[in-house]
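Observations on the three-dimensional arrangement
Read off the chains here:
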Amino acid sequence: MSHNPVVWFEIYVQDMQRAKAFYEAVLAIKLEQMPAPTEEMTMEMWSFPSDKDTAKTSYGACGMLVKMDGFPSGGGGTLVYFACEDCAVEAGRVAEQGGSVIREKMSIGEHGFIALALDTEGNMIGFHSM
């Protein structure tokens, strides 16, 4: 395999405006509204910023927030890490945006640092920095 095998992720939410506000504020980004893939699919989707031209050859994966009936938010066994310059900065924004920090910035040795948090929808997320 010549590229990162993870190509996409979705974070399911119950309250899209609350979740969108949380991620935009914590990560200091703007999400982009995306249309449903087909007319039959009734869902609301907001995409994280990505370089779509190099997504298949560069490190990392694209993804979005998704609100769809029958797909609850909350712990599901998969943990998404967001890249940061200093993960303590993003973790420091979590509580003021309605989430909660589960683990403050901690060393993972030669692999850098991580912090863990719960978003406003009950999803566990991670922040990673070198």
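As a starting point, this report considers the structure included with it.

Take K20: it is sitting in helix α1 (residues 16-27). Among residues more than four places away in sequence, those in contact with K20 are L31, W46 and L65.

Before going further, it helps to spend a moment on the sheet that holds strand β1 (residues 8-12). Neighbouring strands of a sheet are bound in pairs by backbone hydrogen bonds; such pairs are parallel or else antiparallel. Strand order across the open sheet formed by 4 strands is β1-β4-β3-β2, with mixed pairing between neighbours. Since the sheet does not close on itself, it has two edges, and those belong to β1 and β2 (32-34), each with one partner. On average, each strand axis in the sheet is inclined to that of its neighbour by 30 degrees, with strand direction left out of account. Judged from the 3 bridges that link them, β2 and strand β3 (residues 43-47) form a sheet pairing that is antiparallel. Bridged to M34 within β3 is M45.

Those residues of helix α2 (residues 87-94) that fall on the buried side of the exposure criterion are C87, E90, A91 and V94. An end-on view of α2 places all buried positions within 100 degrees of arc, on one side of the element.

Moving on, we get to the sheet that holds strand β6 (residues 100-107). Strand order across the open sheet formed by 4 strands is β5-β8-β7-β6, with mixed pairing between neighbours. Both edges of this open sheet fall to β5 (80-83) and β6, since each of them pairs with a single strand only. Pairs of neighbouring strands in the sheet enclose a mean axial angle of 20 degrees, with direction left out of account. As paired elements, strand β7 (residues 113-118) and strand β8 (residues 124-129) share 6 bridges and run antiparallel to each other. Residue pairing across strands places A117 opposite I125, the latter belonging to β8. Strands in contact with α1 are β5, β7 and β8; relative to β8, the strand with the most contacts, it is inclined by about 15 degrees.

In this structure, E90 sits in helix α2. Buried and unpaired, E90 has no salt bridge, with R93 as the nearest side chain of opposite charge at 4.1 Å. Setting aside residues up to four positions removed in sequence, E90 forms contacts with V26, L27, C84 and F127.

Rules and cut-offs
- Residues numbered from 1 in each chain as written.
- Predicted model: local features only at pLDDT ≥ 70, side-chain atom pairs only at ≥ 80, totals over all residues.
- Heavy atoms only, no water.
- Helix = DSSP H or I, 4+ residues; strand = E, 2+ residues; numbered from the N terminus.
- Contact = heavy atoms within 4.5 Å.
- Pairing = 2+ DSSP bridges.
- Axes fitted to C-alpha atoms, helices over the stretch in contact; angles between N-to-C directions.
- Buried < 20%, exposed > 50% of the residue type's maximum accessible area, 1.4 Å probe, protein only.
- Arc of directions from axis to C-beta.
- Lys, Arg positive; Asp, Glu negative; His and termini not counted.
- Salt bridge = Lys/Arg side-chain N within 4 Å of Asp/Glu carboxyl O.

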